[in-house]
Amino acid sequence: MYPAKAAAVVLQSALIMSQPEKVFLRFDHRRVGWLYAGLLLVLCAFALWPLLYRPGLPNGNDVLYHVFRAAEMRRSWDNGVLFPRWAEAFYTGYGAPVFHYYAGLSYYITSLLMRLFNLDALNALRALIGLCVFGSGAGLYVFVRPLAGRPGGVIAALAYIYSPYLLFTEPYSRGAYPEMAAFALFPWVMAAYSRLRRTGGAFTFGAAAGSAALIFTHNLMALVLTGLLVGWLVWSLAAHMLAYGRAGLLSHLLALVAAASGVGLAAVFWLPVTLESGAVRLGNLTAVAQLDYRNFFVPPEHLLAFSPRYDQGALNGLVHRFNLGVAQWVLAAAGCIFTLWLLVRRRSSDSAPLHALYFALAGLACITLMLPAAEGLWSAVGPLAFLQFPWRFLGPAAFCLAVLAGMNARWIERLPGRAAWATSAGIVAAIIGLALPALYAPEWIHETVDSSVAAYHREELAGRQRATTFSNEYLPKAVIVEPDATPRLLADYADGYPVNKAHLETLPDGVTVELLEHGPQHDAWRVTAAAPFTLEVLTFDFAGWQASVDGQPVAITPSEPHGLITLPVPAGEHIVRVWLGSTPARDLGGAISLGALLEVVALAALLRRKTRPPAPPVDETAALRPPAGLAAGGLIALGLAVVFLREGGAWLNSPPGEVLPAQHQAGFRLGESLQLLGYDLNGQTFRPGDRLELRLYWHTTAAIPYGYSSFVHVSSGGPPLAQADKLNPADRPTKEWTSGGYIRDDYTINLPPDIPPGTYALLVGLYTCDTRPPGACGNGDRLPVTDAAGAPLGDAALLATLEVR
């Protein structure tokens, strides 16, 4: 249904504009602008195909994290706290300062969507994905149009939203919605600063507010994107001074002031995060092996590769895409070449090539930081480790490549009419057509999600979703040992408000506690005691929690070793209150934000009359041309989608016991039910220090009674000279494997720099300790290996013979 509707809209536009020389006489800037906007809207909407034909979301790494965070934010809104710092239901009701440390703008948006449209958390995130896609495309269009005209804006927008990282990895395989929102907001921020540079005056406030919003969207990516923004502003200032000296310098200086003001506006968030970082375990973000940046560099051949087809036959087929997109990097290279040509023949009034050159250099820097060769730089620059994944630079790189892709419109407009039409159509068709494999997402299992507190607590009790974190980074430092869950507290949360956070189970004889108030960040009780006692509250202590008895402050002491709030209560009847208040760091951040707000409002008002009208488009004639070629490209892409967006086209479906995408088929059997169906290997000839990449394809024909671990050895007959071991192959316990499909299992081995040249065997096997008494595992019991004919091969499968030269 959706492709048919899209085809009708685009076909109608294409027929109207099939004779540009006639339409040119009838259309003014406004009407042509609406045509471009309508076309871009339709082409962006097609990027949402995975959401349009089925409900829910796939089994992405962080999908459930954000579902439960969005639900928790909505509960805070429902109880009168619009900007919470504390997530009270996390850690089985003991709470965690997740919203104090993690930027919350995306959760504010989902809460607003939930209220306005009566959505649940899962569907609010689906709506957020849609907003991000349309926002990304529209923002790129607005930013690039002054540099490359309307056609360039459309090309740039499509290159951005159809880049594999933004189209698939962020919304589906990762489920990193706050980061995706940052990438959607960033083009608008850049457009605001572009407008400020070109017009000055009143846009100071909009630019500064955009910078602040970016910081409120995603902590880590805000640092990277703000650096990209400031670098561009400094580059523009330097280029302007070289060309014009001090003439017209004010707007460039205003842009830098606005950027600083934007950082100040967000101080209420980032300053307490910085100054109170020691109150939780943020160090865990770099202390866990699974988050070690050394494991996440991307080889150049992966960055430049086509998007692979997914296989429905894989039980764990939802994997990240770490390629730039062939259409994106080819178009960026072409745009870069044309930019260099323009610079050689530069007209003094045309600044677009200089801006494009900056994005070429910035894009090259982003790509370089993802390569294994950059590991030394990451080691030397300590703060980079907090980014965790070098491939995170795929997002900023996608932005830079998209700007360069848009610059192609500048040379296309110089072509004869039909050639320009055909080239534009080919570019649009290539961008969307090559992205078709990314429009299928496997493991689409979360069609509905129960996001109630009771459901979330069940997840926590099962060992999953602990405070919606991977490494307990937001667990308060006061907690030395996490306490067991309190059944009565869990029941209170399951029943809904009010929740009594007083630890009733530990009250001394003669003490009664009556709940008066409870909210996400405060509690109040009427307490009657025959003698003084210490009241324990079932809330983790954290910077800012305060208490009073009859209005008089009392000191809070964290319990040992559980870190719960405790406070002294004298004998008699008293009103006891506990609330999350401010701290010096939060007061200072708020004061800086207020000062920055007053400064930027005053500056915008003072310079309002000095606002200049924006410069005309780069080519007045080209700006009036209808987007016939671009629309035709959309129709071609739609035709490609009809043909290839199906099983056997954009994706595969291996039958059980087979693996169609494997480079090398294998027929090894391990034990009675486990099979090694095939493998991929990035070569057979290596040099010392090279990176060996291996993917194994496992399958089981029956339930597996034991938990097996895996080993991959590079051996010359003795002890392995290089190896990789996993407690759980594919990071999934073998007891959970089923016979419905195969399991993908990836390994990376860095060969030692001093490995001698020679011939080596690549061996794979499985072993278990479950068959031995506790504490007597030793090397474990290995599964026997046989070939397809049943001939015994020992306890390891020989996959390949490697040459080291």
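Residues numbered from 1 in each chain as written. Predicted model: local features only at pLDDT ≥ 70, side-chain atom pairs only at ≥ 80, totals over all residues. Heavy atoms only, no water.

What about the nonpolar core?
Counting residues in each nonpolar core, the largest one holds 202 residues, and the members touching the most others are Phe 143, Tyr 162, Tyr 193 and Phe 399. With 22 residues, the single largest contributor to this core is helix 8 (residues 121-161). Excluding its chain neighbours within four sequence positions, the residues that come into contact with Tyr 193 are Ala 207, Ala 208, Ser 211, Leu 229, Trp 232, Leu 233, Ala 255, Ala 258 and Ala 259. In terms of nonpolar packing, the next biggest core, distinct from the first, is built from 36 residues, Leu 694, Tyr 708, Val 714 and Val 804 among them. (Core = buried A, V, L, I, M, F, W, Y, C linked by side-chain atoms within 4.5 Å. Buried < 20%, exposed > 50% of the residue type's maximum accessible area, 1.4 Å probe, protein only. Helix = DSSP H or I, 4+ residues; strand = E, 2+ residues; numbered from the N terminus. Contact = heavy atoms within 4.5 Å.)

Some remarks on unusual backbone geometry
For residues besides glycine, phi is generally negative; the peptide bonds are generally trans as well. Cis geometry marks the peptide bond from Tyr 497 to Pro 498; its omega dihedral reads 0°. Note that the residue after Glu 560, namely Pro 561, is joined by a cis bond; omega there is 5°. Mapped onto the elements, Pro 561 comes out in the loop between strand 7 (557-558) and strand 8 (564-569). At Thr 468, a residue that is not glycine, the phi angle is positive and equals roughly 50°. As for its placement among the helices and strands, Thr 468 is situated in the loop between helix 23 (453-461) and helix 24 (487-495). Residue Thr 468 is classed as buried on the basis of its relative accessible area, which comes to 0%.

What about the sheet that holds strand 14 (residues 691-700)?
Taken in spatial order, the six strands of this open sheet run 17-14-12-11-20-21, and their pairing is antiparallel. With partners counted over all chains shown, the strands left at the sheet margins are strand 17 (743-750) and strand 21 (792-794), one partner each. The pairing of strand 20 (residues 785-786) with strand 21 spans two bridges and is antiparallel. Residue pairing in the sheet places Thr 786 in a bridge with Pro 792 of strand 21. (Pairing = 2+ DSSP bridges.)

Some points on the packing of helix 11 (residues 203-217) against helix 12 (residues 219-244)
Running from N to C, helix 11 and helix 12 point in directions that differ by 150°, and their axes come no closer than 7 Å. If you check the angle between helix 11 and helix 12, you find them roughly antiparallel. Residue-level inspection shows Ser 211, Leu 214, Ile 215 and Thr 217 of helix 11 in contact with helix 12, the latter providing Asn 219, Ala 222, Leu 225, Thr 226 and Leu 229. (Axes fitted to C-alpha atoms, helices over the stretch in contact; angles between N-to-C directions. Parallel < 35°, antiparallel > 145°, perpendicular 65-115°, else oblique.)

Some thoughts on the pattern of salt bridges
Tallied over the entire structure, the rule returns 24 salt bridges. Measuring nitrogen to oxygen at the nearest pair gives 3.0 Å for the salt bridge that ties Glu 179 to Arg 174. Here the two residues Glu 179 and Arg 174 agree in accessibility, since each one is buried. Between Asp 492 and Arg 488 there is a salt bridge, with the nearest N and O atoms lying 3.5 Å from each other. Of the two residues, Asp 492 and Arg 488 both sit in helix 24, four residues apart, roughly one turn of that helix. Its relative accessible area of 18% is what places Asp 492 among the buried residues. (Salt bridge = Lys/Arg side-chain N within 4 Å of Asp/Glu carboxyl O.)

Observations regarding the state of the cysteines
Here the structure, examined in full by the defined rule, presents zero disulfides. Cys 366 carries a free sulfur, and the closest cysteine sulfur to it, the one in Cys 400, is 5.0 Å from it. Cys 366 gets classed as buried once you look at its relative accessible area, which sits at 7%. (Disulfide = S-S within 2.5 Å.)

Some words on the confidence of the model for the chain
The predicted coordinates ought not to be read in detail in places where the model reports low pLDDT. This prediction gives the chain a mean pLDDT of 91; 93% of its residues lie at or above 70. A low-confidence stretch, residues 13-27 (pLDDT under 50), is modelled with 17 contacts involving residues beyond four sequence positions or located in other chains. (pLDDT = per-residue confidence, 0-100.)

Observations regarding the environment of Gly 589
Structurally, Gly 589 can be placed in helix 25 (residues 584-606). Take Gly 589: its relative accessible area is 0%, and that puts it in the buried class. When the C-alpha atoms of Gly 589 and Ala 267 are compared, they prove to be 4.8 Å apart, with 322 residues separating the residues in sequence. Ignoring sequence-local partners within four residues, the contact set of Gly 589 consists of Ala 267, Val 268 and Leu 271.

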